Amino acid sequence: SNSNFDHVFHQILRQRNYQVLPFETVQEGFQKATSAQLEEKLSKINFLVVDDSHLNRKIVRKILESADSVFPECVIYEADDGVTAVEEVKSKMDLGIKLDFILIDFVMITMNGPEAVSIIRDSLN
């Protein structure tokens, strides 16, 4: 069941041209974590879903919410373009809220995904 979820989740992300940030950092940390640490980390995951399509954001939200056995207490924030995503990340940083995953559409009208990711990465450094 979990592998089916992973397969469907990744397939939808690929179809929607999402980029996941920062995968390497999260993957590295999870590989080093004990199962108790991993369980604690997964219980408090913050997502930012960025897409200019309300329907796409709703689909990703439903997928994440349906994975409550993996992410029992996830918080999902949304932004409808790259500019809003950058503002949302800065706002969350100012409030001390760590975004664990940012799922971002590649092509958006106001600011595209790669441009937003570049600005977000620069603001993290």
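In this report, the structure presented in the accompanying data block is examined. Just so you know, these numbers come straight off a predicted model, no measurement behind them. Sequence order as written defines residue numbering, which begins from 1 separately in each chain. With the structure being a predicted model, the display of local features is reserved for residues of pLDDT at least 70 and the display and counting of side-chain atom pairs for 80 or more, all residues being used for whole-chain, interface and lining totals. For side-chain calculations, the full set of non-hydrogen atoms in the structure is used, while hydrogens and water are omitted.

### Quick look at the packing of aromatic side chains
Moving on, step 1. To pair, rings of Phe, Tyr and Trp, with the six-membered ring standing in for Trp, must have centres within 6.5 Å; the planes then decide the type, stacked if under 30 degrees apart, edge-to-face if over 60, and tilted in the middle. Considering all chains together, one arrives at one aromatic pair under this definition.
Moving on, step 2. A ring pair is formed by F47 and F101, whose centres lie 5.2 Å apart and whose planes are at 15 degrees; its orientation type is stacked. Residue F47 is located in strand β2 (residues 46–50), and its partner F101 is located in strand β4 (residues 101–105); the two are separated by 54 residues in the primary sequence.
Moving on, step 3. Here the term buried applies to any residue with accessible area under 20% of the maximum for its type, exposed to any over 50%, and partly exposed to those in between, with areas from a 1.4 Å probe on protein chains only. For F47, a relative accessible area of 2% translates into the label buried. Where helices and strands are cited, they refer to DSSP runs of H or I of at least four residues and of E of at least two residues respectively, numbered from the N terminus.

### Some thoughts on the nonpolar core
Moving on, step 1. Of all hydrophobic cores here, the largest spans 15 residues; its most connected members are L48, V50, V89, I102 and I104.
Moving on, step 2. When contributions to this core are tallied by element, the ones reaching two or more residues are β2, β3 (75–79), α5 (82–94), β4 and α6 (113–124).
Moving on, step 3. Residue contacts are defined here by distance: any two heavy atoms, one from each residue, within 4.5 Å place the two residues in contact. The contacts of L48, once residues within four sequence positions are left out, are Y77, E78, A79, A85, E88, V89, L99, F101, I102 and L103.
Moving on, step 4. Here, nonpolar core refers to any group of buried Ala, Val, Leu, Ile, Met, Phe, Trp, Tyr and Cys residues whose side-chain atoms link them within 4.5 Å. Membership of the second largest hydrophobic core comes to twelve residues, among which are V49, F71, F101 and L103.

### As for the pattern of salt bridges
Moving on, step 1. When a carboxyl oxygen of Asp or Glu lies within 4 Å of a side-chain nitrogen of Lys or Arg, that pair is called a salt bridge. In the structure shown here, the tally under the stated rule is five salt bridges.
Moving on, step 2. For the salt bridge of E65 with R61, the shortest nitrogen-to-oxygen distance reads 3.2 Å. Here E65 pairs with R61, and both are found in helix α4 (residues 54–66), just four residues apart, close to one helical turn.
Moving on, step 3. Since its relative accessible area comes to 38%, E65 is described here as partly exposed.
Moving on, step 4. Judged by relative accessible area, which is 24%, R61 ranks as partly exposed.
Moving on, step 5. What emerges from the salt-bridge pattern is a single network uniting R57, R61, E65 and E78.

Note that every value here comes from positions in space, so none of it alone points to a role or purpose.
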